[in-house]
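Listed below are the residues making up each chain.
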Amino acid sequence: MAKRIGLKVYVDTIVRYTADGIIRPLSIEWEDGRTYEITKVMDCVPGASRRAGGAGLVYTCMIEGKEVHLYYEDSYKVHKWFLESKE
């Protein structure tokens, strides 16, 4: 279930790990329990959220026809996915 911390909304994320070592997010679960399919991953680059803080990989995805930035924080013991809150 999603968990809000500051401007970050940590989301449960279903991913596929390929034999080539690529991580591809397939869907996310939002705070209200709704699940959203990621129909396309358009880009994946190292980066940071300027609005909410946190660094790692930034996935530019299409969800319900909208471009969304999904962040993957990858540190020594923590591997979390989050979206920026609009509030």
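Overview of the structure. Here the structure is a predicted model, which means the values were calculated and not measured.

## A short note on the nonpolar core
And step 1. Among the nonpolar cores identified, the biggest contains 14 residues, and Val 11, Ile 28, Ile 38, Tyr 59, Leu 70 and Trp 81 are the most heavily contacted of them.
And step 2. It is strand E7 (residues 55-63) that provides the largest number of residues to this core, a total of 3 residues.
And step 3. With residues up to four places along the chain from it excluded, the contact list for Trp 81 reads Val 9, Tyr 10, Val 11, Thr 13, Val 15, Ile 23, Pro 25, Tyr 59, Leu 70, Tyr 71 and Tyr 72.

## A few points about the pattern of salt bridges
And step 1. What the rule picks out here adds up to 2 salt bridges.
And step 2. Lys 8 is paired through a salt bridge with Glu 73; the nearest N and O atoms lie 2.7 Å apart. Here Lys 8, found in strand E2 (residues 8-10), pairs with Glu 73, found in strand E8 (residues 66-74); they are 65 residues apart in sequence, far enough to count as distant. You'll find Lys 8 and Glu 73 in the same group, each marked buried.

## A look at the pairing of strand E9 (residues 79-84)
And step 1. Pairing analysis gives 3 bridges linking E2 to E9, with the strands arranged antiparallel. Paired with Tyr 10 across the strands is Phe 82, a residue of E9.
And step 2. Bridge analysis of E8 against E9 gives 4 bridges, and the strand direction is antiparallel. If you follow Tyr 71 over to E9, its bridge partner there is Phe 82.
And step 3. In sequence, E8 turns back onto E9 through a hairpin of 4 residues.

## So, the sheet that holds strand E5 (residues 35-37)
And step 1. Taken in spatial order, the 3 strands make up an open sheet running E3-E4-E5, and their pairing is antiparallel. Strands with a single pairing partner mark the edges of an open sheet, and in this sheet they are strand E3 (12-17) and E5. Pairs of neighbouring strands in the sheet enclose a mean axial angle of 30°, with direction left out of account.
And step 2. Of the pairings in the sheet, the one linking E3 to strand E4 (residues 23-29) comprises 6 bridges and is antiparallel in character.

Procedures and definitions
- Residue indices follow the written sequence of each chain, beginning from 1 at its first position.
- Restriction of local features to residues with pLDDT of at least 70 applies here, the model being predicted, together with a cutoff of 80 or more for giving and counting side-chain atom pairs; totals for whole chains, interfaces and linings are based on all residues.
- Calculated side-chain values reflect all of the structure's heavy atoms, with hydrogen atoms and water omitted.
- Only buried Ala, Val, Leu, Ile, Met, Phe, Trp, Tyr and Cys residues count toward a nonpolar core, and they belong to the same one when joined by side-chain atoms within 4.5 Å.
- Under the scheme applied here, a residue whose accessible area is under 20% of the maximum for its type counts as buried, over 50% as exposed, and between as partly exposed, the area being computed with a 1.4 Å probe on protein chains only.
- Where helices and strands are cited, they refer to DSSP runs of H or I of at least four residues and of E of at least two residues respectively, numbered from the N terminus.
- Here a residue-residue contact requires only that any non-hydrogen atoms of the pair lie within 4.5 Å.
- By definition, a salt bridge exists where a carboxyl oxygen of Asp or Glu is found within 4 Å of a side-chain nitrogen of Lys or Arg.
- Strands pair, by our definition, only if DSSP identifies at least two bridges between them.
- Axis lines are fitted through C-alpha atoms, for helices just across the contact stretch, and the angle between N-to-C directions can take any value from 0 to 180 degrees.

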